[in-house]
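# Descriptive analysis of the structure
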Amino acid sequence: MQNPSDNQGKLVRSIGLTSAIVLVISSVIGTGVFKKIAPMSAELQSPGLVLTAWLVAGLISLAGTLSNAEVASMLADSGGDFVYYRKIYNRFFAFLFGWTNFAVIRTASIASIAYVFAQSLNSLVPIPNSSPEMSEMSFLGLHFLDNLGIKFIAIALIIFLTYFNTKGLKLGEKLSNTLVTLMIIVMVGIIILGLTSSVGNWEYLKLNSAKFNPEEMQGGTLFKALALACLSAFWGYEGWNSVGYIGGEIKNPQRNLPLALTIGMIIIIAMYMMMNFVYLYILPIDEFIKIHETKNGIGAVAVVTHFLGSWGGVLISCLILVTTFNCTSSTILLASRLFYAMAHEKMFFKQVDYIHPKYNTPSKALTLQAVWASLLVLSGTFDQLTDMLIFAAFIFYGATTFGVFILRKKMPDAPRPYKVIAYPFVPAIFILFCIVLLINTLMERPSEAIIGLGLMATGLPFYFYWKKGD
């Protein structure tokens, strides 16, 4: 009798260091660097504090990256953190991580970024929209027919990129390499043109908003404001650990995966700091607060239009199209490997445990992921879900970093191609930050935190069902 696995392909180690770095960058730079300047300005009311929040969030993310890199250097395989948790903790915690990523974190990210792509396209080429009557129709409180034209474009993008990434890892790798190169060239161009523009004013970087009160912005109040602003910045940095999902397809992963994570994050932090510096050099902070209050427009578009004119608005809109297209593609490519790894361990739908025999890609994981992400697009709930799940994401980030301490104790003599610098201080700082962020979110936004935990718990019936059939 023929084994079903005989009809399958296998994952192939074909990704080198440069391509792995590109995938780190392309899975992170999406919408945050263009959109989050407005809500962060409204929260902090000060250019200096906004830049501080971006830097703090970047350094904290880098500390998490460096810690993750040590674990990855020891345990690299397809599935990333899912594989790490199974070996460090247990199957149940690994399942919770994977299920939460499928239910919300990664699929909602795909939906959200694809939706911003459609919105950006709509700003260049108007897309027919739903009638007011259709927009008001709801089912279970969800407006599936609202903004239907934009939703269809977002879903079409998800379907196209899923099909594209089904045809082989090399295609996705080449696409990311091309688009990241283009993206960085344009971003560097905007930075140079912005800094040399005559409309910029160094005083804007010192000028706080009209509502800023230095006496109020001290101590605990300052900490809370910075913590909430950092949540916005963390969305900009979200996704840095995704490249670990293709650990089984990276050449010499024990060396290349830690290097890709570290180099990629340093490049991203540098680009984010320079872009936000330009924003606050070109426009006073009150302008970004107005953009946030109107809930319309994108901060980066307002900035580039201001110093380059209407063609600059077209340029930045095209840049957002490129970054969101690229980030959607990379997230689709990387996340599907996590769901395949879960199914391979009999902790997910068994049909997903499949590698296409011709293209050597997890085609069924890609398809299921596309279906769920498309439903989230129609529901219109993806932004709310990702906001709620930032809380849950930091539970897992902290757990990976805590794994550094566990592995140092359990496997002291195991080969470590990469060791986190300044151990134990760097991982300890990141864990401490995760704890503080979780406590602050529970206190300041309890409903989001509780709903985030509830969404994680939706996987419990599936876990016990799959465990029973194992």
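Sequence order as written defines the numbering, with residues in each chain counted from 1. Residues qualify for local features only when their pLDDT is at least 70, as the model is predicted, and side-chain atom pairs are given and counted only at 80 or more; totals for whole chains, interfaces and linings, by contrast, use all residues. No hydrogens and no water enter the side-chain calculation; it runs on all heavy atoms of the structure.

As annotated in an unreviewed UniProt entry, the protein carries the name Amino acid permease and is attributed to Flectobacillus roseus. Listed in UniProt under the heading Subcellular location (unreviewed entry), the comment for the protein reads: "Membrane". UniProt positions are given in the numbering used here, feature names are shortened, and annotations may be inferred rather than shown by experiment.

## Observations concerning the overall build of the protein
Numbering goes from the N terminus for both helices and strands, where a helix is a DSSP run of H or I of at least four residues and a strand is a run of E of at least two. Each helix and strand counted, the protein has 19 helices and zero strands in total. Taking 470 residues into account, the globule formula puts the C-alpha radius of gyration at 23 Å, and the protein, at 22 Å, falls close to it. In this scheme, a residue with accessible area under 20% of its type's maximum is buried, one over 50% is exposed, and one in between is partly exposed, where area comes from a 1.4 Å probe on protein chains only. The buried share among the 470 residues of the protein stands at 58%. In the protein, of all internal contacts separated by at least 6 residues, the share reaching a separation of at least 24 is 83%. Here, Shrake-Rupley sampling with a 1.4 Å probe gives the accessible areas, and only protein chains in the shown set may cover a residue. On the protein, roughly 19400 Å² of surface is accessible, and the fraction owed to carbon and sulfur atoms is 66%. Within this scheme the basic residues Lys and Arg register as positive and the acidic residues Asp and Glu register as negative, but His and the chain ends are omitted. For charged residues, the charge sits on one atom: NZ in Lys, CZ in Arg, CG in Asp, CD in Glu. A distance of 12 Å separates the average location of the 32 positive side-chain charges in the protein from that of its 25 negative side-chain charges. Only C-alpha atoms enter the radius of gyration, while the globule expectation follows 2.2 Å times N to the 0.38, with N the number of residues. Contacts are assigned to residue pairs that have any heavy atoms within 4.5 Å of one another.

## Points about the nonpolar core
In plain words, nonpolar cores are sets of buried Ala, Val, Leu, Ile, Met, Phe, Trp, Tyr and Cys residues tied together by side-chain atoms within 4.5 Å. Membership of the largest hydrophobic core comes to 162 residues, with the highest contact counts inside it found for F34, F82, I268, Y279, F348 and F394. Sorting elements by how many residues they give to this core places helix α6 (residues 91–124) first, with 18 residues. Once residues within four sequence positions are removed from consideration, F348 is found in contact with W99, F102, F339, M342, A343, L368 and W466.

## Examining the packing of α6 against helix α15 (residues 363–379)
Every angle, taken between N-to-C directions, lies between 0 and 180 degrees, and every axis is a line fitted to C-alpha atoms, over only the stretch in contact when it is a helix. For the pair α6 and α15, interaxial distance at closest approach is 9 Å and the crossing angle is 75°. In terms of orientation, α6 and α15 fall into the roughly perpendicular class. Judged by residue contacts, F102, A103, T107, A108, I110 and A111 of α6 engage L368, Q369, W372, A373, L376 and V377 from α15. Put simply, Ala, Val, Leu, Ile, Met, Phe, Trp, Tyr, Cys and Pro go in the nonpolar bin, Asp, Glu, Lys and Arg in the charged bin, and everything else, Gly too, in the polar bin. Partitioned by chemical class, the residues of the contact of α6 with α15 number 10 nonpolar, two polar and no charged. Roughly parallel means an angle under 35 degrees; roughly antiparallel means over 145; roughly perpendicular covers 65 to 115; every other angle is labelled oblique.

## Focus: the packing of aromatic side chains
Any pair of aromatic rings gets described here by the distance separating the centres and the angle formed by the planes. Any two of the Phe, Tyr and Trp rings considered here, Trp counted by its six-membered ring, make a pair once their centres fall within 6.5 Å; the pair's planes then place it as stacked at under 30 degrees, edge-to-face at over 60, or tilted in between. Scanning the model with the defined rule gives 37 aromatic pairs in all. Note on F102 and W372: the rings are 6.3 Å apart at their centroids and 25° apart in plane angle, and the pair reads as stacked. Taken together, the positions of F102 in helix α6 and W372 in helix α15 put the pair 270 residues apart, joining distant regions of the chain. Between W202 and Y281 the ring centres are 4.7 Å apart and the planes differ by 50°, which places this aromatic pair in the tilted class. With W202 in the loop between α9 (169–195) and α10 (219–237) and Y281 in helix α11 (residues 253–282), this residue pair connects regions lying 79 residues apart in the sequence. Put simply, the rings of F92, F95, W99, F102, F339, F348, F349, W372, F462, Y463, F464 and W466 touch in pairs and so form one group of aromatic residues. A cation over a ring is seen here: K364 above Y354, with NZ or CZ 4.6 Å from the ring centre. Just above the ring of Y423 sits the side chain of R408; from NZ or CZ to the centre is 3.8 Å. When the NZ atom of lysine or the CZ atom of arginine is within 6 Å of a ring's centre and also within 35 degrees of its normal, the charge is said to sit over that ring.

## Notes on the environment of I88
Structurally, I88 is set in helix α5 (residues 81–88). Between the alpha carbons of I88 and T400 there is a distance of 8.8 Å; along the sequence they are 312 residues apart. Among all residues touching I88, those that are not within four sequence positions of it are V71, L75, G403, I406, L407 and K410.

## Description of the pattern of salt bridges
Salt bridge, as used here: a side-chain nitrogen of Lys or Arg that lies within 4 Å of a carboxyl oxygen of Asp or Glu. Evaluated as defined, the whole model comprises eight salt bridges. With a closest N to O distance of 3.3 Å, R416 and E70 form a salt bridge. With a gap of 346 residues between them, R416 in the loop between α16 (382–410) and α17 (425–444) and E70 in helix α4 (residues 47–75) connect regions that are remote in the sequence. In this structure, E173 engages K170 in a salt bridge whose closest nitrogen and oxygen atoms are separated by 3.2 Å. With E173 and K170 both in helix α9, this residue pair falls three residues apart, about one helical turn. Under the relative-accessibility criterion, E173 is labelled buried at 9%. Look at K170 and you get partly exposed, because its relative accessible area is 41%. A cluster of three or more residues bridged by salt bridges with shared partners is formed by E70, R408 and R416.

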